[in-house]
Amino acid sequence: MATHPQQNLYSQLEHLQTKYVGTGHPDISRHDWCTNMARDSIATYLGHRSLLTLFATVEGESNGRIRYHLLEKLHSPYGQSEEPVLSKKERLTQW
C-alpha cells in the first residue's frame, strides 16, 4: 500500500517542526519567527570568526566589542512581543 507523495512530504515536515524549534509551525507568530531568524543569524556571526572580524573592521571597533554587542542583542533581538502577557485567570475568562 503506497502513500501519496504529498502526504509523505507533510509527515516529514511535521517531524522537522517537532525536532527543530526554529523551523516554525503553522501557528507561529511573526514576532517568534523573526526572533528565531535573528538569533540564528547572530549565532552564525559569533561562530564564524571571519564574519566577526569583518564586522569589526567595517564598524571600526574591536572584535571583543562587536562580540559583546552581538551577545547583548542575542537576548532579545527583535524587541518585546506585541502580545500582552495575561495571567492564568485572565486566560481562562477570555474564552
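The rules behind each value
- Residues numbered from 1 in each chain as written.
- Predicted model: local features only at pLDDT ≥ 70, side-chain atom pairs only at ≥ 80, totals over all residues.
- Heavy atoms only, no water.
- Core = buried A, V, L, I, M, F, W, Y, C linked by side-chain atoms within 4.5 Å.
- Buried < 20%, exposed > 50% of the residue type's maximum accessible area, 1.4 Å probe, protein only.
- Helix = DSSP H or I, 4+ residues; strand = E, 2+ residues; numbered from the N terminus.
- Contact = heavy atoms within 4.5 Å.
- Axes fitted to C-alpha atoms, helices over the stretch in contact; angles between N-to-C directions.
- Parallel < 35°, antiparallel > 145°, perpendicular 65-115°, else oblique.
- Nonpolar A, V, L, I, M, F, W, Y, C, P; charged D, E, K, R; others polar.

- You'll find the chain entered in an unreviewed UniProt entry as Splicing factor 3B subunit 5, with Galdieria sulphuraria given as the organism.

Observations regarding the nonpolar core
Okay, so step 1: Ranked by size, the top nonpolar core spans six residues in total: I42, L46, L52, A56, I66 and L70.
Okay, so step 2: If you list the elements that add at least two residues to this core, you get α2 (30-47), α3 (49-59) and α4 (63-75).
Okay, so step 3: Residues in contact with I66, not counting those within four places in the same chain, are L52, F55, A56, E59 and E61.

Points about the packing of α3 against α4
Okay, so step 1: Direction vectors running N to C along α3 and α4 enclose 105°, while the axes themselves pass 9 Å from each other. Judged on the interaxial angle alone, α4 and α3 are roughly perpendicular. Note on element contacts: α4 touches α3 through N63, I66, R67 and L70, opposite L52, T53, F55, A56 and E59.
Okay, so step 2: A class-by-class count of the residues in the contact of α3 with α4 yields five nonpolar, two polar and two charged.

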